[in-house]
Amino acid sequence: MPKSHRERHRTGRIGWLRAAVLGANDGIVSTASLVVGVAAAQTSRSEVLVAGVAGLVAGAMSMAAGEYVSVSSQTDTEKADLSRERKELDIDERSERNELAAIYVDRGLEPFLAQEVAKQLMNHDALGAHARDELGISAILTARPVQAAFASAGAFAVGAVMPLFTVLVAPESRLVPVVFGNSLIFLTVLGVLAARAGGAPVMKSAVRIVFWGAIAMGLTAAVGALFGTVA
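Residues numbered from 1 in each chain as written. Predicted model: local features only at pLDDT ≥ 70, side-chain atom pairs only at ≥ 80, totals over all residues. Heavy atoms only, no water.

A.B. asks: Is there a simple way to think about the overall build of the protein chain in this case?
C.D. replies: What the protein chain contains, in helices and strands, is seven helices and zero strands. Helices (α) and strands (β) of the protein chain occur, in sequence order from the N terminus, as α-α-α-α-α-α-α. Looking at the 231 residues of the protein chain, the share that counts as buried comes to 35%. Pairs at least 24 residues apart make up 75% of the contacts formed inside the protein chain by residues separated by at least 6 positions. (Helix = DSSP H or I, 4+ residues; strand = E, 2+ residues; numbered from the N terminus. Buried < 20%, exposed > 50% of the residue type's maximum accessible area, 1.4 Å probe, protein only. Contact = heavy atoms within 4.5 Å.)

As structure tokens, then:
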């Protein structure tokens, strides 16, 4: 008898990983951009820190609220679809079984086998079978609003602390280049960690995150320098 092996899949991480990467990336980029923009306007270190801390708090709360609302909307849609499917199963189970069998035929099963598979799966868990194969809803990928909100807000705060710490230790006369450079390093590390956690190509993930972060910080630095010159 062949020995079974345990496979390690990463799809179970999708819910929190997406929110965490988005939060950390936004925390680094938005806070570093804010800091760079304010510092480029020739303001003092204390003013830069106040702006950065305010951005951290506002951003973390915004991320939490945004994730909760958006994921809750997804959850409501999933619940509505499941409720509709439950009613259809109660009204006409045979048609629902044929519909499920047709899905399996499209995936390559012979019609007779598809009917048998649909019958057995529905005998075991009719709603679960239709949720998974007809609606694309599974326990692994289902939306979790609270989890997404906490992951996003926490990751944002962690990401935002990095450029703020740089402001504390960097020479005041070189805040802009030091924060800019260190933030690109932070973004590179984030891209690598996110890629490894999700099983994605490391280089592609890192370059993508660093590219957009550099553009955001560059634009805000230009705006800050412009307003600082005008003032």
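Back to the text.
A.B. asks: Please clarify how the UniProt feature "transmembrane region" (unreviewed entry) in the protein chain should be interpreted in this entry.
C.D. replies: According to UniProt, the "transmembrane region" (unreviewed entry) feature falls on residues 21-42, 48-69, 148-169, 175-197 and 209-230. Helix makes up 100% of residues 48-69 and strand 0%, and the two end C-alpha atoms of the span are 31 Å apart. Helix makes up 100% of residues 148-169 and strand makes up 0%, while its end C-alpha atoms are separated by 32 Å. (UniProt positions renumbered as here; feature names shortened; annotations may be inferred.)

A.B. asks: Where do I start with the pattern of salt bridges in this structure?
C.D. replies: Opposite charge on two side chains permits them to pair, given that their charged atoms come into close proximity. Overall, the coordinates contain three salt bridges when judged by the stated rule. Here D81 ties to R84 by a salt bridge, and the two come within 2.8 Å at their closest N and O atoms. Here D81 pairs with R84, and both are found in helix α2 (residues 45-91), just three residues apart, close to one helical turn. You can call R84 partly exposed: its relative accessible area is 45%. Residues R107 and D133 are paired through a salt bridge, measuring 3.3 Å at the closest nitrogen-oxygen approach. Separated by 26 residues along the polypeptide, R107 in the loop between α3 (93-106) and α4 (111-133) and D133 in helix α4 bring together distant segments of the chain. Taking relative accessible area as the criterion, R107 reaches 55% and is therefore assigned exposed. D133 sits in the buried class, given a relative accessible area of 13%. In the salt-bridge network here, residues are joined through shared partners; they are R107, R132 and D133. (Salt bridge = Lys/Arg side-chain N within 4 Å of Asp/Glu carboxyl O.)

A.B. asks: Please clarify how the packing of α2 against α4 should be interpreted in this entry.
C.D. replies: Angle between the axes and distance between the axes: these two values describe a pair of packed helices. For the pair α2 and α4, interaxial distance at closest approach is 9 Å and the crossing angle is 140°. Comparing the axis directions of α2 and α4 gives the class oblique. Crossing angle aside, the handedness with which α2 passes α4 is right-handed. Residues L82, E85, R86 and L89 of α2 form the contact with α4, whose participating residues are M122, A126, L127, H130 and A131. Among the residues making up the contact of α2 with α4, the classes are represented as six nonpolar, one polar and two charged. (Axes fitted to C-alpha atoms, helices over the stretch in contact; angles between N-to-C directions. Parallel < 35°, antiparallel > 145°, perpendicular 65-115°, else oblique. Left-handed = near helix turned anticlockwise from the far one by under 90°. Nonpolar A, V, L, I, M, F, W, Y, C, P; charged D, E, K, R; others polar.)

A.B. asks: What should I look at first to understand the environment of L184 in this one?
C.D. replies: Along the polypeptide, L184 turns up in helix α6 (residues 175-198). If sequence neighbours within four positions are ignored, L184 has contacts with V210, A214 and M217.

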